[in-house]
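# Survey of secondary and tertiary structure
Okay, here's what each chain looks like letter by letter:
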Amino acid sequence: MPKEHVDTRNLQVRDIPQQHDSLQAISDNVTLVVTQAFGPGGDNLVGFSDVKFNGYPAVTLLLRTPDGREGLVHLSPIHGDKRKTGFIDITPGTRCELLCPVTRRPLDRLGPVDDGSGATYYALYLTPKLSRGHAVAVTDIWDHFHSRIVDDEAVISYWAQTHAL
């Protein structure tokens, strides 16, 4: 029997990516629900309050406005769902400081949003390892709906939005 040729120069061996419990598909239409999201100190911000959206616990952040007002805002954990409750009396376009409601530490900065708005992405980590390669990137501009989900270093939320299933 002939020996099969293996191109060892271009062979790449990788571990099977670990499945994360932080993202959960709820239908065949690629609906993503964030089931855990960690702040900069490793605290889980999903279920911090008793607020729920469609039965799923909210992601809670502490927001501070430039005029010094602050309060808890509860975000829908369903990616793409714009619903939020709590401290929402904020003028659209206001740049807010995004803080962990447990430690009051600012969320970790990821970088600028490339849409000309001047918004910046901040991290809600999907695992307790606090890796930027596994995060929900939220922006600091009120009512600027431009979040992204990054998992295994890939922007999966962008892929889901641009590929019809």
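Heads up: these notes are all about the structure in this document. The numbers attached to residues start from 1 for each chain and follow its sequence in the written order. The predicted origin of the model limits local features to residues at a pLDDT of at least 70 and limits the giving and counting of side-chain atom pairs to 80 or more, whereas totals for whole chains, interfaces and linings rest on all residues. Processing note: side-chain calculations cover all non-hydrogen atoms of the structure and skip hydrogens and water entirely.

## Digging into unusual backbone geometry
Keep this limit in mind: Each helix corresponds to a stretch of at least 4 residues labelled H or I by DSSP, and each strand to a stretch of at least 2 residues labelled E; elements are numbered beginning at the N terminus.
For Arg104, which is not a glycine, the phi torsion comes out positive at approximately 65°. One can find Arg104 in the loop between strand S8 (97-99) and strand S9 (109-112). For Leu130, which is not glycine, the phi dihedral falls at a positive 55°. By secondary structure assignment, the location of Leu130 is in the loop between strand S10 (120-125) and strand S11 (135-139).

## Observations regarding a nonpolar patch on the surface
Operational definition: For patch detection, residues must exceed 30% relative accessible area and be free of salt bridges, and they are connected within 9 Å for like charges or within 5 Å for nonpolar side chains (Val, Leu, Ile, Met, Phe, Trp, Tyr). Here the open area of atoms and residues is found with the Shrake-Rupley method and a 1.4 Å probe, where only the protein chains shown may cover a residue. Salt bridges are identified by distance alone: a Lys or Arg side-chain nitrogen within 4 Å of an Asp or Glu carboxyl oxygen. Buried means the residue's accessible area, taken with a 1.4 Å probe over protein chains only, is under 20% of the maximum for its type, while exposed means over 50%, and partly exposed covers the values in between.
A surface patch of nonpolar side chains, amounting to about 220 Å² of accessible area, comprises Phe48, Leu72 and Val102. Topologically, Phe48 is positioned in the loop between strand S2 (32-34) and strand S3 (52-53). Since its relative accessible area comes to 37%, Phe48 is described here as partly exposed.

## Looking at the side chain of Lys84
Note the cut-off: We call two N or O atoms a polar contact when they sit within 3.5 Å, provided that within protein one can donate a hydrogen and the other can accept it, with sequence-adjacent residues counted only if both atoms are side-chain atoms. Contacts between residues were defined by any pair of non-hydrogen atoms, one from each residue, lying within 4.5 Å.
Following the sequence through the fold, Lys84 ends up in strand S7 (residues 84-86). Here the side chain of Lys84 touches Asp143 through a polar contact of 2.8 Å, side chain to side chain. Not counting residues within four places of it along the chain, the set of residues in contact with Lys84 comprises Phe53, Val73, His74, Leu75, Trp142, Asp143 and Phe145.

## Overview of the nonpolar core
Applicable threshold: Nonpolar cores were defined as sets of buried Ala, Val, Leu, Ile, Met, Phe, Trp, Tyr and Cys residues, with membership established by side-chain atoms within 4.5 Å.
One finds Leu61, Leu63, Leu98, Leu107, Leu124, Val136 and Val138 to be the most contacted residues of the largest nonpolar core, which totals 22 residues. Secondary structure elements with two or more residues in this core: S2, strand S5 (59-64), S10 and S11. No other element matches S5, which puts three residues into this core. Leave out the neighbours within four places in its chain, and Leu107 touches Pro40, Leu61, Leu98, Leu99, Cys100, Tyr122, Ala123, Leu124 and Val138.

## A closer look at the sheet that holds strand S6 (residues 70-75)
Within a sheet, each strand pairs with its neighbour through backbone hydrogen bonds, oriented either parallel or antiparallel. Threshold: DSSP calls a pair of strands paired once it identifies at least 2 bridges connecting them. Only the contacting stretch of a helix is used when fitting its axis, a line to C-alpha atoms as for every element, and angles between N-to-C directions run 0 to 180 degrees.
Strands sit in the order S7-S6-S5-S8 across an open sheet of four strands; the sheet is antiparallel. Looking at which strands have only one partner, the edges of the open sheet turn out to be S7 and S8. With direction set aside, neighbouring strand axes in the sheet form an average angle of 35°. Bridge count for S5 against S6 is six bridges, and the pairing is antiparallel. Bridging across to S6, Arg64 finds its partner in Glu70.

Everything listed here is a matter of geometry and, on its own, says nothing about what the molecule does.
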